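# Coordinate inspection notes
Take a look at the letters that make up each chain.
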Amino acid sequence: EAAVTQSPRSKVAVTGGKVTLSCHQTNNHDYMYWYRQDTGHGLRLIHYSYVADSTEKGDIPDGYKASRPSQENFSLILELASLSQTAVYFCASSVRGRDSDYTFGSGTRLLVI
Amino acid sequence: GQQVQQSPASLVLQEGENAELQCNFSSTATQLQWFYQSPGGSLVSLLSNPSGTKHTGRLTSTTVTKERRSSLHISSSQTTDSGTYLCAPGGNYKPTFGKGTSLVVHP
């Protein structure tokens, strides 16, 4: 079954440290996305990609980098983690022409201390 | 950027009652999706309806593109419908999510 898999499921990071969140999809989808979800803000787009080796800034890219080395893999990198980056992070994939095939991963709960 | 307002913020029903969820957005959208987030946090796409009316199971969505609004009707609610419903208008495959309507269905 087509799926979006995120790792790790949860993580505790130290302020100033580097954090990498990984996402792998078996949907053969073009588009991949990283969102963060916070109480009171809903889901906000951080970075997205529509083709391998290319990433685009979303609505809140500051403090985050993204990497898409292949169609299947999309990573979110926090070079210097900060307390304000404590949130739940969701990866998603979709395909051009089939909006209903929008698929989310199960989320990564990140706590920065 | 796109602003999305969903109403009501929360809704409590008895099983069997119908629910009407509203979504208003500030800019033209060529795509519009409704998502469900379970109490455990998992997110699934319910349907895509950028214009007109679309039915799937007990769900009916009506989107009036010119008025920048969409609705989601849930008929004969069940306890398993409890969760948060998110509206996401967008374009170029870049949806903007509303904060959602939290639905609780009591047995």
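Residues numbered from 1 in each chain as written. Chains lettered and ligands numbered in written order. Predicted model: local features only at pLDDT ≥ 70, side-chain atom pairs only at ≥ 80, totals over all residues. Heavy atoms only, no water.

It is worth spelling out the environment of Ala-13 of chain A at this point. Among the structural elements, Ala-13 of chain A can be located in strand β2 (residues 10–13). With sequence-adjacent residues up to four places away left out, Ala-13 of chain A is seen in contact with Val-19, Leu-110, Leu-111, Val-112 and Ile-113 of chain A. (Helix = DSSP H or I, 4+ residues; strand = E, 2+ residues; numbered from the N terminus. Contact = heavy atoms within 4.5 Å.)

Our next topic: the pairing of strand β8 (residues 69–74) of chain B. Residue and element names in this part refer to chain B. Note that strand β3 (residues 19–25) and β8 share six bridges and pair antiparallel. What sits directly across from Gln-22, in β8, is Ser-71. Examined bridge by bridge, strand β7 (residues 59–64) and β8 share six bridges and lie antiparallel to one another. Bridge pairing in β8 links Ser-61 to Leu-72. In this structure, the hairpin formed by β7 and β8 is closed by a connection of four residues, where Arg-68 is found at a positive phi of approximately 55°. (Pairing = 2+ DSSP bridges.)

As a further point, take the interface of chain A and chain B. Quoted interface sizes are often the accessible area lost when the parts come together. Listed per partner, the contact involves 19 residues of chain A and 15 residues of chain B. Summed over both sides, the interface of chain A with chain B buries roughly 1,600 Å², with 57% coming from carbon and sulfur. Residue assignment for the side of chain A that touches chain B shows that the elements contributing at least two residues are β4 (31–38), β5 (42–51), β9 (87–95) and β10 (98–104) of chain A. Of the residues that constitute the side of chain A that touches chain B, the class distribution is 10 nonpolar, six polar and three charged. (Buried area = accessible area lost by both parts, 1.4 Å probe. Nonpolar A, V, L, I, M, F, W, Y, C, P; charged D, E, K, R; others polar.)

Moving on: the sheet that holds strand β8 (residues 73–78) of chain A. Residues and elements named next belong to chain A. The four strands are arranged β1-β3-β8-β7 in an open sheet whose pairing can be described as antiparallel. Pairing within the sheet leaves two strands with one partner each, and these edge strands are β1 (4–7) and β7 (65–67). The average angle at which neighbouring strand axes cross in this sheet is 20°, direction not considered. (Axes fitted to C-alpha atoms, helices over the stretch in contact; angles between N-to-C directions.)

In this structure, Pro-8 of chain A follows Ser-7 of chain A across a cis peptide bond, with omega equal to -5°. Within the secondary structure layout, Pro-8 of chain A lies in the loop between β1 and β2. If you check the backbone angles, Ser-76 of chain B has positive phi at about 45° while not being a glycine. Within the secondary structure, Ser-76 of chain B sits in the loop between β8 and β9 (83–91). Its relative accessible area of 40% is what places Ser-76 of chain B among the partly exposed residues. (Buried < 20%, exposed > 50% of the residue type's maximum accessible area, 1.4 Å probe, protein only.)

Here a disulfide denotes one covalent bond, and it connects the sulfur atoms of two cysteines. Scanning the entire structure with this criterion turns up two disulfides over all chains. Linked covalently through their sulfurs, Cys-23 of chain A and Cys-91 of chain A form a disulfide whose S-S length is 1.9 Å. When the S-S torsion is -80°, as for the bridge of Cys-23 of chain A with Cys-91 of chain A, the disulfide is left-handed. With Cys-23 of chain A in strand β3 (residues 19–25) and Cys-91 of chain A in strand β9, this residue pair connects regions lying 68 residues apart in the sequence. Residues Cys-23 of chain A and Cys-91 of chain A agree in their burial class; the two are buried. With a sulfur-sulfur separation of 2.0 Å, Cys-23 of chain B is cross-linked through a disulfide to Cys-87 of chain B. Disulfide Cys-23 of chain B-Cys-87 of chain B: the torsion about the S-S bond is -70°, which places it as left-handed. Of this pair, Cys-23 of chain B sits in strand β3 while Cys-87 of chain B sits in strand β9; the two residues are 64 residues apart in sequence, bridging distant segments of the chain. The two residues Cys-23 of chain B and Cys-87 of chain B agree in class, both being buried. (Disulfide = S-S within 2.5 Å.)

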